[in-house]
Amino acid sequence: MQLRRRDFVKLAAGAGALSLFSHPAIAQLAPNPPSIRPPSPAERAAMGRLAQTFMGKYDVPGLSFAIGYAGAIVHQAAFGVADREQNEATTPQHLFRIASVSKMITSVTLFRLIEENRVKLGDRVFGPGALLGTDYGAPPTSPGIDQITLEHLLTHTGGGWTNDNHDPMFTHPHMDHAQLITWTLANRPLDRPPGQHYAYSNFGYCVLGRVIEKLTGQRYAEHVRAEVLGRCGVNDMTLAGNTRDQRQAGEVAYYCKVESPYEMNVHRMDSHGGWIATPTDLVQFLMHVDGYARPANILRPHTIQTMTSAPSYSPDYAKGFCINKSDNWWHNGSLPGTSTIAVRTHGGFCWAAFTNVSRPNTNMDGDLDELNWNMARQVSEWRVA
């Protein structure tokens with residue numbers, strides 16, 4: 001019987017509080033089968049045809065894809081052009097803005113700090129005695145802000161600052177983190193008390209980046225590269241620039257007919273949407289937090305269970321990861337000029353696909369998700385539900 005997959009676009013309320021250390025040990029899953037073969041030339045060609053059909057449907061300049069299993073990258077491919085103006089072919093080594101896929105990385109970073117007993121999910125974030133104290137303004141703030149916990153921000157249940165037309169992260173582009181957070185706390189009251197309602201919040205994950213900085217005494221990206229990405233064998237990820245001229249060496253150009261990809265403060269999005277990476281980078285990262293025995297994970301099994309668990313009243317979003325009943329975990333990302341997704345499947349696969357274009361008001365994001373599954377199904381021996 002084929003397991004029902006997740007609904008890609010639906011995001012619901014966040015996960016409930018769970019203790020990391022008061023439960024019996026949880027065994028890591030063993031990959032079954034222990035290893036898989038890479039696709040044959042004919043299977044790679046079939047994958048390529050699916051990719052080209054998708055790219056034609058949405059006029060995608062460049063697409064890059066990677067898939068891993070049991071610690072090994074078993075396939076990677078790239079199609080189209082990284083830069084239309086230079087007619088530069090896309091390669092698996094090209095870097096893309098990954099947008100909100102960044103939230104998985106921020107969550108894992110915080111759960112490593114939780115394992116080190118440096119912070120707890122129930123710790124308050126703002127106000128005297130809280131994680132950030134009065135760094136961004138002394139009380140009184142609007143009611144409820146001093147009750148927001150780390151878990152509320154991880155699960156998008158902080159009570160406000162959602163990603164609507166008033167998303168703080170897309171306002172005041174000349175403000176730095178401290179200025180923007182201070183302004184938002186002083187001028188944007190919560191919509192409802194914390195812990196009662198799911199509302200996806202980029203700003204909440206921006207604040208989580210500042211929590212990481214306060215706890216570690218390091219800049220967010222510096223700490224993440226050393227303590228998370230480096231431990232996953234990922235060494236070339238960095239934060240995006242804002243303009244076309246600020247692209248990193250090997251970074252694609254971005255395209256969108258509706259909004260400019262180069263009129264946002266993407267660098268300021270660091271902990272909620274600011275990383276650039278290759279699909280292979282994200283697959284390597286996911287394989288090190290996927291709950292399987294190979295490769296060795298950088299988090300304990302029970303930590304991973306907590307990170308990817310959600311209560312019955314909010315079954316689709318845990319803490320930095322979308323989840324479903326089939327035990328698939330993922331996050332998608334979208335900014336003007338990019339559409340991305342990274343997935344850990346219940347069958348032991350991890351994959352990621354990035355494009356350098358966005359098509360608002362279409363089903364491009366959902367079709368990109370479906371493309372990944374269909375490409376993986378071209379290898380008949382792979383157990384892809």
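As the structure is a prediction and not an experimental result, all values here were calculated from the model. Counting restarts for each chain: residues are numbered from 1 in the order of the written sequence. Residues qualify for local features only when their pLDDT is at least 70, as the model is predicted, and side-chain atom pairs are given and counted only at 80 or more; totals for whole chains, interfaces and linings, by contrast, use all residues. The basis for every side-chain value is the complete set of heavy atoms in the structure, and neither hydrogens nor water enter the calculation.

Looking at this structure, I do not really get the packing of aromatic side chains. What am I missing?
Here a ring pair, both rings aromatic, is described through the centre-centre distance and the interplanar angle of the planes. Each aromatic pair joins two rings of Phe, Tyr and Trp (for Trp, the six-membered one) with centres within 6.5 Å, and gets the label stacked for planes under 30 degrees apart, edge-to-face for over 60, and tilted for any other angle. By the definition in use, this model includes 12 aromatic pairs. Judged by centre distance (6.0 Å) and plane angle (45 degrees), the rings of tyrosine 198 and tyrosine 317 are tilted. Of the two residues, tyrosine 198 is situated in the loop between α4 (177-187) and α5 (202-216) and tyrosine 317 in the loop between α9 (301-307) and β7 (322-323); the sequence distance between them amounts to 119 residues. When accessible area is computed with a 1.4 Å probe and restricted to protein chains, residues below 20% of their type maximum are described as buried, those above 50% as exposed, and intermediate ones as partly exposed. Given a relative accessible area of 0%, tyrosine 317 falls into the buried group. Arranged with centres 6.3 Å apart and planes meeting at 40 degrees, the rings of phenylalanine 349 and tryptophan 351 form a pair that is tilted. The same class applies to phenylalanine 349 and to tryptophan 351, which are both buried. Taken together, Tyr69, Phe349, Trp351, Trp373 and Trp382 form an aromatic cluster joined through their ring pairs. We note arginine 84 situated over the ring of tyrosine 255; from NZ or CZ to the ring centre the distance is 5.4 Å. Placement of a charge over a ring requires the Lys NZ or Arg CZ to be within 6 Å of the ring centre, with the centre-to-atom vector within 35 degrees of the ring normal. Against the face of tryptophan 329 rests arginine 344, its NZ or CZ located 3.8 Å from the ring centre. The way it works is that DSSP assigns letters per residue, a run of H or I at least four long becomes a helix, a run of E at least two long becomes a strand, and they are numbered from the N terminus.

Looking at this model, I keep getting lost on the sheet that holds strand β5 (residues 238-239). Mind explaining?
The strands making up a sheet associate through hydrogen bonds between their backbones, and the pairing can be parallel or antiparallel. Strands pair, by our definition, only if DSSP identifies at least two bridges between them. Spatial strand order, β4-β6-β5: 3 strands in an open sheet with antiparallel pairing. Here the strands that pair on one side only, and so sit at the sheet edges, are β4 (96-97) and β5. Whether two residues touch is decided by their heavy atoms; if any such pair falls within 4.5 Å, the residues are in contact. As a rule, the C-alpha atoms of each element are fitted with a line to give its axis, helices using only the stretch in contact, and angles between N-to-C directions run from 0 to 180 degrees. Strands β5 and β6 (275-277) of the sheet are contacted by helix α6 (residues 220-229), whose axis makes an angle of about 45 degrees with β6.

Honestly, the pairing of strand β9 (residues 338-344) in this entry has me stumped. Any pointers?
Successive residues of a regular strand alternate their side chains across the two faces of the sheet. The element β9 is largely enclosed, with a buried count of 7 among its 7 residues. Burial of the side chains of β9 extends over both faces: Thr338, Thr340, Ala342 and Arg344 are buried on one face and Ser339, Ile341 and Val343 on the other. As judged from the 7 bridges shared by strand β8 (residues 329-335) and β9, these two strands associate in the antiparallel manner. Across the sheet, the residue bridging to leucine 335 is threonine 338, located in β9. Between β8 and β9, which pair antiparallel in sequence order, lie 2 residues; one of them, glycine 337, sits at a positive phi of approximately 100 degrees. In this structure, β9 lies alongside strand β10 (residues 349-355), joined through 6 bridges in antiparallel fashion. Across the sheet, serine 339 pairs through a bridge with threonine 355, a residue of β10.

Teacher, can you tell me more about the sheet that holds β10 here?
Here 7 strands make up an open sheet; going across it, the order is β3-β2-β1-β10-β9-β8-β7 and the pairing antiparallel. The sheet is open, and its two borders are formed by β3 (88-89) and β7, each paired with just one other strand. Where strand β1 (residues 62-69) meets β10, 7 bridges bridge the pair, whose relative direction is antiparallel. The partner of isoleucine 67 across the bridge, within β10, is tryptophan 351. The strands that helix α8 (residues 279-287) touches are β1, β2 (72-83), β9 and β10; relative to β10, the one it contacts most, it runs at about 150 degrees.

When you look at unusual backbone geometry in this model, what are you seeing that I'm missing?
With glycine set apart, most residues show a phi of negative sign, and most peptide bonds adopt trans. With omega at 5 degrees, the peptide bond leading from asparagine 32 into proline 33 counts as cis. Looking at the secondary structure, you find proline 33 in the segment before α1 (41-58). A cis amide bond, omega -5 degrees, links arginine 294 with the succeeding residue proline 295. Relative to the elements of secondary structure, proline 295 occurs in the loop between α8 and α9. One non-glycine residue, asparagine 87, lies in the positive phi region at around 50 degrees. Residue position: asparagine 87 is located in the loop between β2 and β3. If you check the backbone angles, asparagine 117 has positive phi at about 60 degrees while not being a glycine. Asparagine 117 gets classed as exposed once you look at its relative accessible area, which sits at 62%.

Any chance you could explain empty space enclosed by the protein here in plain terms?
In this approach the atoms are scanned with a rolling probe the size of a water molecule, which exposes any empty space left behind. Cavities and pockets were defined on a 1 Å grid built from protein atoms only: a cavity is a group of points that admits a 1.4 Å probe but offers it no way out, a pocket is an open group of points flanked by protein on both sides within 12 Å along at least five of seven lines, and a lining residue is one with an atom within 4 Å of any such point. Grid points are joined across faces, edges and corners, and a volume is the space filled by probe spheres set on the points. Applying the stated criterion across every chain yields a total of 2 cavities of 30 Å³ or more. Considering only enclosed or pocket space, the largest cavity measures out at about 90 Å³ in volume. Under the convention adopted here, Pro, Cys and the residues Ala, Val, Leu, Ile, Met, Phe, Trp and Tyr are nonpolar, Asp, Glu, Lys and Arg are charged, and Gly plus all remaining residues are polar. Across the lining of the largest cavity, the residue classes tally to 6 nonpolar, 4 polar and 2 charged. Estimates place the volume of the second largest cavity at around 40 Å³. Of the residues in the lining of the second largest cavity, the class split is 1 nonpolar, 7 polar and no charged.

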